[in-house]
Amino acid sequence: MKRRQEINVFSTSAAPREKVVTITPDGQTALPLQQNAPGDSREALLVENADSCLLIPRTVDVRKLYIEPTTICNFNCTTCIRHSWADDLAHMDWSVFVRIYEGLDRLPQLECVHFGGFGEPFSHPRLLEMLALVKDKGLQAEVITNGSLLSDEVIERLIDMQLDRLFVSLDGPEEEYNQIRQGGDFAAVVKNIRALNRAKEKRASRFPELGIEFVATRDNYQKLPALSELTRQLKARRVIVTNLLPYHREMKDQILYDVEDITDLFSLEEAFNMRRLRFPEMRLRTDRMCKFVRDNAMAINYRGRVAPCYALMHSYHCYVYGREKEIFAYHPGRVDEKALDEIWIEPNYLRFRYNVRNFAFPSCPDCKFLDGCTYACDNEADCWGNSPSCADCLWSRQLVLCP
């Protein structure tokens, strides 16, 4: 076999286009980019470094919007972020939602609006109105809920509007569920889901499609095999199993990743019974992928502050592999000051997404200098000069998942 004598760099069809350009003494140049449609101009952010120039297109390409309608919840779950923050417990003002709603038409590539965050969405008195308005725009709409407020009236209205997806959090069978979701009633939630299924059958409706989310901990992971049968009985089309991100000291020893290997609890048959199953990584791997940035997603908290993801919507403390870490919110914009499309192409937000997409930041969990490193105490900055830093993010390692 003839040995290759050289490596053909960028030899694939997806290779970047390379051209040599001339920069004049006054700093001007012409870029030989692909032509736009007639009369259509484009903007880009030019970032000049010591030895390179970076051109980032200012394209309004938001595809998914996460809205937090409230931080109020009728449960007091042991796994909840509200144990470690100082934010108000309040509903999103209607004026804030109206600003968001008015901006949807300025997001030409928007496909889906997800209502969730860190509260029970159905506790908001006007959530159904929010959902209906989004659906009237021709967009997909989905909600994640604890399932306790799914009354017959709510169910009928969700079917009327053809809500696309409804995710219900179920952290195990009855005993484990009631222990984690304090204030909740497993039997009542399952009863509500069955009522939803009966109403869908009666009206011959596929919608809303049911999804189940399960937060795996040391106390409940042995019940994961039973989840397969439960989801079959409840006719769930999607299942998300996620690891725990501890928000207070009492939960930090409940993590399973890099501690236990639980994948052997699932056979292929059980996974197929779960239809569309998303299962987290259980070992820290070198691969990193930010689902929020990959999906061109934008998150908006209950106060109308825009964030790149769930993790940066609020300020709180958490435990990453047992290390206490302070997380500061990152809000590149607020809807009462600028429209959503304007916030999306703000220079700081563009640079942040570019760095995350290309993982231009370090990895704290497997860094040999982690012990004694003050950068790892919070996300304000990292040793590569990023601020905020995503170097400790467990979502990017696929250890923690969300819809």
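Preceding this section is the structure that the text describes.
Residues numbered from 1 in each chain as written. Predicted model: local features only at pLDDT ≥ 70, side-chain atom pairs only at ≥ 80, totals over all residues. Heavy atoms only, no water.

### Section: the overall build of the chain
Rule in force here: Helix and strand definitions follow DSSP, with helices as H or I runs of at least four residues and strands as E runs of at least two, each counted in order from the N terminus. For every residue, the accessible area obtained with a 1.4 Å probe (protein chains only) is divided by the maximum for its type, and the residue is called buried under 20%, exposed over 50%, and partly exposed between those limits. We call two residues contacting when some pair of their heavy atoms lies within 4.5 Å. Shrake-Rupley sampling with a 1.4 Å probe provides the accessible areas, and residues are treated as covered by the protein chains on show and by no other component.
A tally of regular secondary structure across the chain gives 10 helices and 14 strands. Looking at the chain as a whole, 49% of its 403 residues are labelled buried. Long-range contacts, defined here as pairs at least 24 residues apart, represent 71% of the contacts in the chain between residues at least 6 apart. Summing over all exposed atoms, the chain offers an accessible surface of approximately 20,900 Å²; the carbon and sulfur share of this is 48%.

### Some details on the pattern of salt bridges
Put simply, the rule is: Each salt bridge in this description consists of a side-chain nitrogen of Lys or Arg and a carboxyl oxygen of Asp or Glu lying within 4 Å of one another.
If you walk through the whole model with that rule in mind, you get 22 salt bridges. The residue lysine 137 makes a salt bridge to aspartate 105 at a minimum N-O spacing of 2.7 Å. Here lysine 137, found in the loop between helix H2 (127-136) and strand S5 (140-145), pairs with aspartate 105, found in the loop between helix H1 (94-103) and strand S4 (112-115); they are 32 residues apart in sequence, far enough to count as distant. Among the residues examined, aspartate 105 registers a relative accessible area of 56% and is labelled exposed. For the salt bridge of aspartate 295 with lysine 291, the shortest nitrogen-to-oxygen distance reads 2.9 Å. Residue classification places lysine 291 among the buried positions, given a relative accessible area of 16%.

### Side note on the layout of surface pockets
Once rolled over the atoms, a probe with the size of a water molecule shows which space is left empty. Applied cut-off: Any residue with an atom within 4 Å of a point lines the site, the site being either a cavity, points on a 1 Å grid over the protein atoms alone where a 1.4 Å probe fits but cannot get out, or a pocket, an open set with protein on both sides within 12 Å along at least 5 of 7 lines. Grid points are joined across faces, edges and corners, and a volume is the space filled by probe spheres set on the points. Classification used: nonpolar for Ala, Val, Leu, Ile, Met, Phe, Trp, Tyr, Cys and Pro, charged for Asp, Glu, Lys and Arg, polar for all others including Gly.
The computed volume of the second largest pocket comes to approximately 450 Å³. Taken together, 19 residues form the lining of the second largest pocket, with Lys64, Arg238, Lys291, Asp295 and Pro403 sitting closest to its centre. Mapped by element, the contributors of at least two residues to the lining of the second largest pocket are S5, strand S6 (165-169), strand S8 (238-243), strand S9 (276-278) and helix H8 (291-294). Ranked by residues supplied to the lining of the second largest pocket, first place goes to S8 with 3 residues. Of the residues in the lining of the second largest pocket, the class split is 6 nonpolar, 2 polar and 11 charged.

### Description of the environment of histidine 91
Our working rule: Residues adjacent in sequence count toward polar contacts only when both atoms are side-chain atoms; beyond that, a polar contact is any pair of N or O atoms within 3.5 Å, and within protein one must be able to donate a hydrogen and the other to accept it.
Secondary-structure assignment places histidine 91 in the loop between strand S3 (64-67) and H1. Taking the C-alpha atoms as reference, histidine 91 lies 8.4 Å from serine 123; in sequence the two are 32 residues apart. Among residues more than four places away in sequence, those in contact with histidine 91 are Pro69, Thr70, Ile72, Ser123, His124, Pro125 and Tyr302. Separated by 3.4 Å, the side chain of histidine 91 and the backbone oxygen of serine 123 make a polar contact.

### Digging into the packing of aromatic side chains
Cut-off, in case you're wondering: Centres within 6.5 Å make a pair out of two Phe, Tyr or Trp rings, where for Trp the six-membered ring is used; the pair is then stacked when the planes are under 30 degrees apart, edge-to-face when over 60, and tilted otherwise. Each ring is checked for a lysine NZ or an arginine CZ that lies within 6 Å of its centre and within 35 degrees of its normal; such an atom marks a charge sitting over the ring.
This structure, assessed with the given rule, holds 12 aromatic pairs. Aromatic side chains tyrosine 66 and tyrosine 310 sit 5.2 Å apart centroid to centroid with 65° between the ring planes, which places their arrangement in the edge-to-face category. Of the two residues, tyrosine 66 sits in strand S3 while tyrosine 310 sits in the loop between strand S11 (305-307) and strand S12 (316-320), which places them 244 residues apart along the sequence. With relative accessibility at 1%, the residue tyrosine 66 sits in the buried group. A network of ring pairs unites the aromatic residues Tyr66, Trp85, Phe118, Phe292 and Tyr310 as a single cluster. Lying across the ring of tyrosine 349, arginine 353 places its NZ or CZ 4.5 Å from the centre.

### Considering the sheet that holds S4
To keep things clear, this is the line we draw: Note on pairing: DSSP must find at least two bridges between two strands before they are called paired.
A sheet is described by the order of its strands in space; here 10 strands give the open sequence S9-S8-S7-S6-S5-S4-S3-S10-S11-S14, paired in mixed fashion. Looking along the sheet, the strands with just one partner apiece sit at the ends: S9 and strand S14 (333-334).

### What to know about the pairing of strand S7 (residues 209-216)
For S7, the tally of buried residues reaches 8 of 8 residues, placing the bulk of the element in the interior. The two faces of S7 match: Glu209, Gly211, Glu213 and Val215 on one face and Leu210, Ile212, Phe214 and Ala216 on the other face are all buried. Taken together, the 6 bridges between S7 and S8 define a ladder with parallel strand orientation. The residue of S8 that forms the bridge with isoleucine 212 is valine 239.

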